[in-house]
Amino acid sequence: MHKAVMEKAETAQDQEVYAKRYDDLATKHTKLKKQYADAQAERQARQDKTQILEGMIDSIRSSEPTVIGFDAKLWNTTVDHVTVNRDDTLVFTMRDGREIRIKR
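Computed from a prediction, not measured in an experiment: that's the story for all the values here. (Residues numbered from 1 in each chain as written. Predicted model: local features only at pLDDT ≥ 70, side-chain atom pairs only at ≥ 80, totals over all residues. Heavy atoms only, no water.)

## A word on the packing of aromatic side chains
The way to describe two aromatic rings as a pair is by their centre distance and the angle between their planes. Note the cut-off: Here the aromatic set is Phe, Tyr and Trp, taking the six-membered ring for Trp, and pairing holds for ring centres within 6.5 Å; pairs whose planes are under 30 degrees apart are stacked, those over 60 apart are edge-to-face, and all others are tilted. Only protein chains enter the accessibility calculation, which uses a 1.4 Å probe; a residue whose area is less than 20% of its type maximum is buried, one above 50% is exposed, and one in between is partly exposed.
Counted according to the given criterion, the structure contains two aromatic pairs. On the basis of an interplanar angle of 50° and a centroid distance of 5.9 Å, the ring pair of Phe70 and Trp75 is categorised as tilted. Taking relative accessible area as the criterion, Phe70 reaches 65% and is therefore assigned exposed. Trp75 gets classed as partly exposed once you look at its relative accessible area, which sits at 32%. Taken together, the ring pairs in this structure connect Phe70, Trp75 and Phe92 into an aromatic cluster.

Quick look at the structure:
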């Protein structure tokens, strides 16, 4: 866009042609800015998910080799919440967003 403005300042051009070119460049610029912002947001979401998963893995590795009973630390680092439905199904929502459904 800057180049187009500088060319306009240096040489005589048809105003309509210049305006169309400038508008096309501005539209392209806006589209590219949105694509960049979307890619940055996706990258951040992946980094956040990576941190959650690494925390879960570290917690599992540091727990006892065989879980014999309920381990509160393991539960709190892997399970976000559990939903109990009227049809006796349990939905475990894990910290990484996965859902595990169990019929009682």
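From this point, the narrative continues.
## Quick notes on the side chain of Thr89
Our working definition: To qualify as a helix, a DSSP run of H or I must reach at least 4 residues; to qualify as a strand, a run of E must reach at least 2; elements of each kind are numbered from the N terminus. Counting of polar contacts relies on pairs of N or O atoms within 3.5 Å, with two restrictions inside protein: one atom must be capable of donating a hydrogen and the other of accepting it, and residues adjacent in sequence are counted only when both atoms are side-chain atoms. Any two residues whose heavy atoms approach within 4.5 Å at even a single point are treated as in contact.
Structurally, the position occupied by Thr89 is in strand 2 (residues 89-94). Given the relative accessible area of 14%, Thr89 is considered buried. Here Asp87 takes part through its side chain, which lies 2.7 Å from a polar atom of the side chain of Thr89. Setting aside residues up to four positions removed in sequence, Thr89 forms contacts with Thr83, Val84, Ile102 and Lys103.

## Brief notes about unusual backbone geometry
Leaving glycine out, the prevailing phi sign among residues is negative, and the prevailing peptide bond configuration is trans. Even without being a glycine, Asp88 presents a positive backbone phi close to 65°. As for its position among the elements, Asp88 is in the loop between strand 1 (79-84) and strand 2. Asp88 sits in the partly exposed class, given a relative accessible area of 39%.

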